[in-house]
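Observations on the three-dimensional arrangement
Read off the chains here:
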Amino acid sequence: MERPCAWKKYTPQQIEELEELCRGYKKFLSENKTERLCVKAGIKMAEEAGYVDLETAIAEGRELKAGDKVYAANHGKDLMLVNLGTAPLEQGFNILGAHVDSPRLDLKQNPAFEAGDMAYLDTHYYGGVKSYHWVASPLALVGVICKKDGTTVDINIGDKADDPVFTISDLLIHLSSEQMSKPAKDAVDAEILDVIVGGRPVKFDEDDKDAPKEPVKQMFLDILKEQYDVEEEDFLSAEIEVVPAGPARDMGLDRSMILGYGHDDRVCAYPSMLAQINVADVERTSITLIVDKEEIGSVGATGMTSRFFENTVAEIMTLAGESSPLALRRALARSRMLSSDVSAGFDPGYAGKFETKNAAFMGRGLCFNKYTGSRGKGGSNDADAEYVALVRDIMDEAGVDFQTCELGRVNAGGGGTIAYIMAEYGMNVIDSGVAVLSMHALWEVANKADIYEAYRGYKAFIERA
Ligand SMILES: [Zn+2]
């Protein structure tokens, strides 16, 4: 059963809507290259739409009722947007979920060193990356340095037009005969993913016995001190992410696609948040959940396996006068969720890795994966056929273009999402999302039609599930 290309059906007005959505998305993607920044931007979007901080509602003992809109943030890295519906909360929620952490290089805690008269910052990669992607490309440093006095310094260098950028060098081709014969996974050792940040020494007198032993590194540290008031030791309590420098851009002469860093999974997170705030009145309470740490197994206080979601629901139900533990369990079990993450877009250059009847094609709309996982569906959340039928009906009713797919051929590899974690409550969850090319590379490709259909699909789900 082949699904049609979504572009064919669009009216001029729909093309305008699509472009407007994608302009907003490109800006979001370009300005928010870390999970912290995505959450900050999400809070801004929510507040502009009338959402109030749950902490404020709790502090004031505010009673929550239908039509109230609240948000909760967790360590600045997760965000939950809640729009209370007219139905009792115990009847369950319509939930959209996506993650905003993306593969990258994190600075180590002791990152700075000098070698070959250059200053470097050492990194430890985060998530699934191919080391060889990260060399010989312009890079930016984005994140926070937390000081002992309790203040936080925001770092964001490399994205503005007149900012300096950074890079990791690659071995010149002339000396690469040994490197080029290695398997790709060994071609660039992850331990030498060191970012060059300086090449000029501080001036000192050769006879001075207190002269710095690493004058180029010293120059880098002096500039940091001058511009950001931080010491080398402050890197101990910093989270600086090394990310590709530069904005997301239209791709193709027809401008049908977007090339950007971090589509995985902001291409699902942004339309989810937008759908959440653009559907004002709901019967079943709608929730959009934006989470961190998906790329490393949903671990830690900000990963999906933390209790943040459950605890926040409990707080909200209490303020809404439905405080019994049983009501909470019922609400969770009766909820329905689209757990969104990017799908593997069919790539003709690697056609052998896909089975085309069940592959995601670029431009054919929102993807649904009944199951993900690897080998015999290991690690997957396998959505009920009954639930898939409900989702199909919602999408067809709303005229949303969608496609069903698997992550590549059987036994070609595989992957997982946050779906199975939410399914532990007994709720219906299906994996959905937008197809991308070059997943986890520095620059990933998404088709604008898929982003638009995702947004339309998310809206329909909130309204009708
Ligand atoms: Zn992902």
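Residues numbered from 1 in each chain as written. Predicted model: local features only at pLDDT ≥ 70, side-chain atom pairs only at ≥ 80, totals over all residues. Heavy atoms only, no water.

1. So, the coordination of the zinc ion
Convention followed: Metal-coordinating donors are taken as N, O and S atoms lying within 2.8 Å of the metal, or within 3.2 Å when the metal is Na, K or Ca; because water is left out, some sites can appear incomplete. By the criteria applied, helices consist of DSSP H or I runs no shorter than four residues and strands consist of E runs no shorter than two, each listed in order from the N terminus. Partly exposed describes any residue whose relative accessible area lies between the buried limit of under 20% and the exposed limit of over 50%, with all areas from a 1.4 Å probe on protein chains only and scaled to the type maximum.
His99 (NE2), Asp264 (OD), Asp341 (OD) and Asp341 (OD) make up the full set of protein donors to the zinc ion, lying at 2.0 to 2.6 Å. Each donor residue of the zinc ion belongs to the same chain, with the gaps between them written as H-x164-D-x76-D. A residue pair is termed long-range when its members are at least 10 positions apart, and His99 in strand S4 (residues 94–99) and Asp341 in the loop between strand S14 (336–340) and strand S15 (343–344) qualify at 242 residues. Using a relative accessible area of 8% as the deciding quantity, one classes Asp341 as buried.

2. Focus: the packing of aromatic side chains
Which entries qualify depends on this criterion: Each Phe, Tyr or Trp ring, with Trp reduced to its six-membered ring, pairs with another whose centre is within 6.5 Å; inter-plane angles below 30 degrees give stacked pairs, above 60 give edge-to-face pairs, and intermediate values give tilted ones. Counted as over-ring charges are cases with an Arg CZ or a Lys NZ within 6 Å of the ring centre that also lie within 35 degrees of the ring normal.
The full count for this structure, using the stated rule, is nine aromatic pairs. Here the aromatic rings of Phe28 and Tyr270 are separated by 5.0 Å at their centres, their planes lie at 40°, and the arrangement is tilted. Here Phe28 is found in helix H1 (residues 12–31), whereas its partner Tyr270 is found in helix H7 (residues 263–278), with 242 residues between them in sequence. The two residues Phe28 and Tyr270 agree in class, both being buried. Here the aromatic rings of Phe309 and Tyr425 are separated by 6.1 Å at their centres, their planes lie at 55°, and the arrangement is tilted. Highlighted residues: Phe309 in helix H8 (residues 308–319) and Tyr425 in the loop between helix H11 (419–423) and strand S20 (428–433), separated in sequence by 116 residues. Given a relative accessible area of 1%, Phe309 falls into the buried group. Members of the aromatic cluster, each reached through a chain of ring pairs, are Trp7, Tyr10 and Tyr452. Taking NZ or CZ as reference, Arg104 lies 3.6 Å from the ring centre of Tyr126, over its face. For the cation-ring pair, Lys377 lies above Tyr371, with the distance from its terminal atom to the ring centre recorded as 3.8 Å.

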